[in-house]
Amino acid sequence: MSDILNVYSEIGRLKKVMLHRPGNEIENLTPDLMDRLLFDDIPYLKVAREEHDFFAKTLRENGVEVVYLEDLVAEAIEDEKVKEKFVDEFIAETSIESHRLRELVKKYLLEFKSNKAMVDKMMEGIRKEDIQTYERVHLSDMVGTLYPFVVDPMPNLYFTRDPFSTIGSGISLNHMRTVTRNRETLFSKYVFSYHPDYKNENIPFWYDRDDTTSIEGGDQLVLSKKVLAIGISERTDASSVEKIAKRIFEHNEKFETILAFDIPKKRAFMHLDTVFTMVDYDKFTIHPEIEGPLTVYSIKKAQNNEGIVIEKEQMILEEILAKYLELEKVTLIRCGGGNMVDAGREQWNDGSNTLAIAPGEVVVYSRNHVTNKLLVEHGIKLHVIPSSELSRGRGGPRCMSMPLIREEL
Ligand SMILES: NC(=O)NCCC[C@H](N)C(=O)O
């Protein structure tokens, strides 16, 4: 077992997890930007942070080591050359066209007192006035007059689940559907390429941010050491699932089957984990609205070890899961109890997006009381966290966490 990265299930006791504490990027979210930056409302940062701190405390109190993305990135760029390369790449991925402004932004960033302060600023976004105050320049000839930012904020960073995922002892460094979220993956690239904990570990990358088709972490579920589930969704292309399957099989990882869940392409169901999460060995939450349209394909290594074989599964979901997880029976716990009104409301606020910290033990949002009651009735132990502001970004406890190490089952 690797003690660096080890995730062979969704439910094994969580030992180490990566989070991002919501930062000033939330204070740069404006109504005009919400659509492009994938928010439906503007969270109140002070309360979002309190809620997030409660989440982190809940995890720590249950024996989980919590590390923060922003700290790992700051530690990864200690070497001055790496730091400069990082800043150059970051700037190359902004929309700044003027050479002079690029140089100015580079100088501005490199003059921050600490790496951590610089990284926080990169995440927060750079307003025009930040640069104007720093150096008395007139920016209107360089960037659109009315647009307030030189560099856009990245408000989705607190959803650490998506830009990369730990799968087995490797990493899927994802290529995201949208420009705004793809920028986030640069931070993960530097963590796994340059952080002292990871740089000499020969970590296999199952996917790379330079791949051309998209795949996001909310669609990547590790059901067991033999089975992965990957959503084909609003954010993940079918061809990405085939690509990652080939790479994982070629590397002789333990996984034998990838179940591709083709779900409706819809904002509310952007990733598989917004409608389906594992809560115990044989229990899952599910949003009832996907059960009708859902099609599952199994992907396996070809007999001669060359390529993959894809088959459409003909059974109902409970039977498919029972077959591949080698269980007698699987129970699906329906979001909102299957009532259309409760299900719709609670799925929208991530009622089916639970984070398992041990078999039968999950973190959930307080607001989804109908689904939470049902989980308890099914014998699941709940760790309930406040959820007024965090939920405005359309993600729940699983979306806000990236496991690095889980105990093997
Ligand atoms: N795994 C997840 O479902 N993550 C939630 C991501 C929410 C974010 N606002 C997004 O649209 O990407």
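Because the structure is predicted, anything quoted here is derived from the model rather than measured.

J.: Tell me about the site of the ligand, residues and numbers included.
T.: Within the structure, the ligand sits among 16 residues, and Asn156, Arg235, His271, Gly393 and Cys399 are positioned closest to it. Separating a nitrogen atom of the ligand from a side-chain N or O atom of Asn156 is a distance of 2.7 Å. The protein chains hide 100% of the 350 Å² of surface that the ligand would expose on its own. Each residue belonging to the shell around the ligand can be placed in one class, and the counts come to 4 nonpolar, 6 polar and 6 charged.

J.: Lay out the pattern of salt bridges in plain terms, naming residues and giving numbers.
T.: Scanning the model with the defined rule gives 35 salt bridges in all. Put simply, Asp237 and Arg177 hold a salt bridge, and the shortest N to O gap is 3.0 Å. You can see Asp237 sitting in the loop between β9 (227-232) and α9 (238-250) and its partner Arg177 sitting in the loop between β6 (170-173) and α8 (179-194), a full 60 residues away along the chain. Residues Arg181 and Glu184 are paired through a salt bridge, measuring 2.9 Å at the closest nitrogen-oxygen approach. One end of the pair is Arg181 and the other is Glu184, both in helix α8 and 3 residues apart, which spans about a single turn. Residue Arg181 is classed as buried on the basis of its relative accessible area of 3%. One salt-bridge network, held together by shared partners, links Glu10, Asp273 and Arg398.

J.: Hey, could you go over the pairing of β6 for me, with residue numbers and the actual values?
T.: On β6, burial covers both faces: Gly170 and Ser172 on one face and Ile171 and Leu173 on the other are all buried. Hairpin geometry of strand β5 (residues 164-167) and β6 is characterised by an intervening segment of 2 residues between the two adjacent antiparallel strands and by a positive phi of about 65 degrees at Gly168. Both β6 and strand β7 (residues 205-207) contribute to a ladder of 2 bridges, which runs parallel. Bridging from a neighbouring strand, Ile171 pairs with Phe205 of β7. Between the parallel pair β6 and β7, the chain is carried across by α8, and the sense of this crossover is right-handed.

What counts, and where the lines are drawn
Residues numbered from 1 in each chain as written. Predicted model: local features only at pLDDT ≥ 70, side-chain atom pairs only at ≥ 80, totals over all residues. Heavy atoms only, no water. Near = heavy atom within 4 Å. Polar contact = N/O pair within 3.5 Å; in protein donor to acceptor, adjacent residues only side chain to side chain. Areas by Shrake-Rupley, 256 points an atom, 1.4 Å probe, with all protein chains shown as cover. Nonpolar A, V, L, I, M, F, W, Y, C, P; charged D, E, K, R; others polar. Salt bridge = Lys/Arg side-chain N within 4 Å of Asp/Glu carboxyl O. Helix = DSSP H or I, 4+ residues; strand = E, 2+ residues; numbered from the N terminus. Buried < 20%, exposed > 50% of the residue type's maximum accessible area, 1.4 Å probe, protein only. Pairing = 2+ DSSP bridges. Right-handed = clockwise from strand over helix to strand, strands pointing away.

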